[in-house]
Amino acid sequence: MTTTKSTGAVLGAATVAMGLIAGAFYVFACAVMPGLARSDDEVYVEVMRNINDVIQNPVFMLSFLGALVLTGVAAWQARGAGYRRWVWAGLIAYALGFLVTVAFNIPLNDGLDAASDAAAAREEFEGAWVVWNAVRAVLSTVALGCLARGLVSYGRVRRV
């Protein structure tokens, strides 16, 4: 088992970052998208374009990318430890969610941004984006649960 003074801090930071990302995707699934669904096409497209623009900021990127990097570092640090399976499971779950974002949600966002007809753009965008967001919300929540379990196990190992 590789244990450094930073092991617990990195795993804790990964868990917090994952919680922030899981929460962001959850809020989109439970509130943002259902609320926007009540809007007409022009408002829907305008608001989604605005969200897609403002979400590209350092604070969001720090947690979005940080969750992946910190979990990867935590998985590396956990090699040989009993709790490593939880951390690796969290890494795999979030890596899949990250890939969903890159492969599906971002291209859909780009397509929405480039579209000129709001009704056609919404038709092309809304259903697919909502489904893929739900997938990444579930994956990041699973990752959060795995990291939390790993953190608890890490704490037990440290007390022994």
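Conventions and cut-offs
- Residues numbered from 1 in each chain as written.
- Predicted model: local features only at pLDDT ≥ 70, side-chain atom pairs only at ≥ 80, totals over all residues.
- Heavy atoms only, no water.
- Helix = DSSP H or I, 4+ residues; strand = E, 2+ residues; numbered from the N terminus.
- Contact = heavy atoms within 4.5 Å.
- Areas by Shrake-Rupley, 256 points an atom, 1.4 Å probe, with all protein chains shown as cover.
- Lys, Arg positive; Asp, Glu negative; His and termini not counted.
- Charge placed at Lys NZ, Arg CZ, Asp CG, Glu CD.
- Phe/Tyr/Trp six-rings, centres within 6.5 Å; stacked < 30°, edge-to-face > 60°.
- Buried < 20%, exposed > 50% of the residue type's maximum accessible area, 1.4 Å probe, protein only.
- 1 Å grid on protein atoms, 1.4 Å probe; cavity = no way out; pocket = protein on both sides within 12 Å on 5 of 7 lines; lining within 4 Å.
- Points joined across faces, edges and corners; volume = space filled by probe spheres on them.
- Salt bridge = Lys/Arg side-chain N within 4 Å of Asp/Glu carboxyl O.
- Expected span 1.5 Å × (residues − 1).
- Bend = angle between axes of the 7 residues up to and from the residue.
- Axes fitted to C-alpha atoms, helices over the stretch in contact; angles between N-to-C directions.
- Parallel < 35°, antiparallel > 145°, perpendicular 65-115°, else oblique.
- Left-handed = near helix turned anticlockwise from the far one by under 90°.
- Nonpolar A, V, L, I, M, F, W, Y, C, P; charged D, E, K, R; others polar.

Enquirer: How would you summarise the overall build of the protein chain if you had to cite specific residues and measurements?
Expert: A tally of regular secondary structure across the protein chain gives five helices and zero strands. Each helix (α) and strand (β) of the protein chain, taken in turn from the N terminus, gives the series α-α-α-α-α. Seen along its three principal axes, the alpha-carbon backbone of the protein chain occupies a region of about 60 × 25 × 20 Å. Of the contacts made within the protein chain by residues no fewer than 6 positions apart, 80% connect residues no fewer than 24 positions apart. By element, 67% of the accessible surface of the protein chain is carried by carbon and sulfur atoms, the whole surface being about 8500 Å². When the 12 basic and 11 acidic side-chain charges of the protein chain are each reduced to a single mean position, those positions are 33 Å apart.

Enquirer: Quick rundown of the environment of L70? Include the residues and the values.
Expert: Residue position: L70 is located in helix α3 (residues 58-77). When the C-alpha positions of L70 and F98 are compared, they lie 14 Å apart, and in sequence the two are 28 residues distant. Residues within four places of L70 in sequence aside, it is in contact with V10, A13, A14 and A17.

Enquirer: Talk me through the packing of aromatic side chains; I want residue IDs and the actual numbers.
Expert: Aromatic ring pairs are described here by two measures, namely the spacing of the ring centres and the angle between the planes. Scanning all chains against the criterion turns up eight aromatic pairs. Between the aromatic rings of F64 and F98, the centroid separation amounts to 4.7 Å while the plane-to-plane angle is 20°, which identifies the pairing as stacked. Taken together, the residues F64 in helix α3 and F98 in helix α4 (residues 84-114) connect sequence positions 34 residues apart. F98 carries the same exposure label as F64, and that label is buried.

Enquirer: Run through the layout of surface pockets, naming residues and quoting values.
Expert: A probe as big as a water molecule, rolled over the atoms, marks out the empty space that is left. Estimated volume of the largest pocket: approximately 380 Å³. As for the largest pocket, its lining consists of 20 residues, and the residues nearest its centre are N52, I55, Q56, I106 and N109. Residue assignment for the lining of the largest pocket shows that the elements contributing at least two residues are α1 (7-37), α2 (41-54), α3, α4 and α5 (118-159). When residues of the lining of the largest pocket are assigned to their parent elements, the largest contribution, six residues, is made by α4.

Enquirer: Requested: an account of the pattern of salt bridges, with residues and values cited.
Expert: What the rule picks out here adds up to two salt bridges. Where D41 meets R122, a salt bridge forms, and the shortest distance between an N and an O atom there is 3.2 Å. Taken together, the positions of D41 in helix α2 and R122 in helix α5 put the pair 81 residues apart, joining distant regions of the chain. Judged by its relative accessible area of 25%, D41 falls in the partly exposed class. Here R122 ties to E126 by a salt bridge, and the two come within 2.9 Å at their closest N and O atoms. With R122 and E126 both in helix α5 and four residues apart, this pair spans about one turn of that helix. Here R122 falls in the buried class, since its relative accessible area comes to 9%.

Enquirer: I'd like a description of α1, backed by residues and values.
Expert: Here α1 is 31 residues long and its end C-alpha atoms lie 43 Å apart, about the 45 Å a rise of 1.5 Å per residue gives. Of all bends in α1, the biggest is about 45°, found at F28.

Enquirer: So, the packing of α3 against α4: which residues are in play, and what are the values?
Expert: Between two packed helices, what matters for the description is the angle formed by their axes and the separation of those axes. Where α3 contacts α4, the two axes come as close as 9 Å, and the packing angle between them is 150°. Between α3 and α4, the interaxial angle falls into the category roughly antiparallel. α4 is crossed by α3, and the crossing has left-handed handedness. Of the residues in α4, those in contact with F64, L65, A67, L68, T71, G72, A74, A75 and W76 of α3 are V87, W88, G90, L91, Y94, A95, F98 and T101. Partitioned by chemical class, the residues of the contact of α3 with α4 number 13 nonpolar, four polar and no charged.

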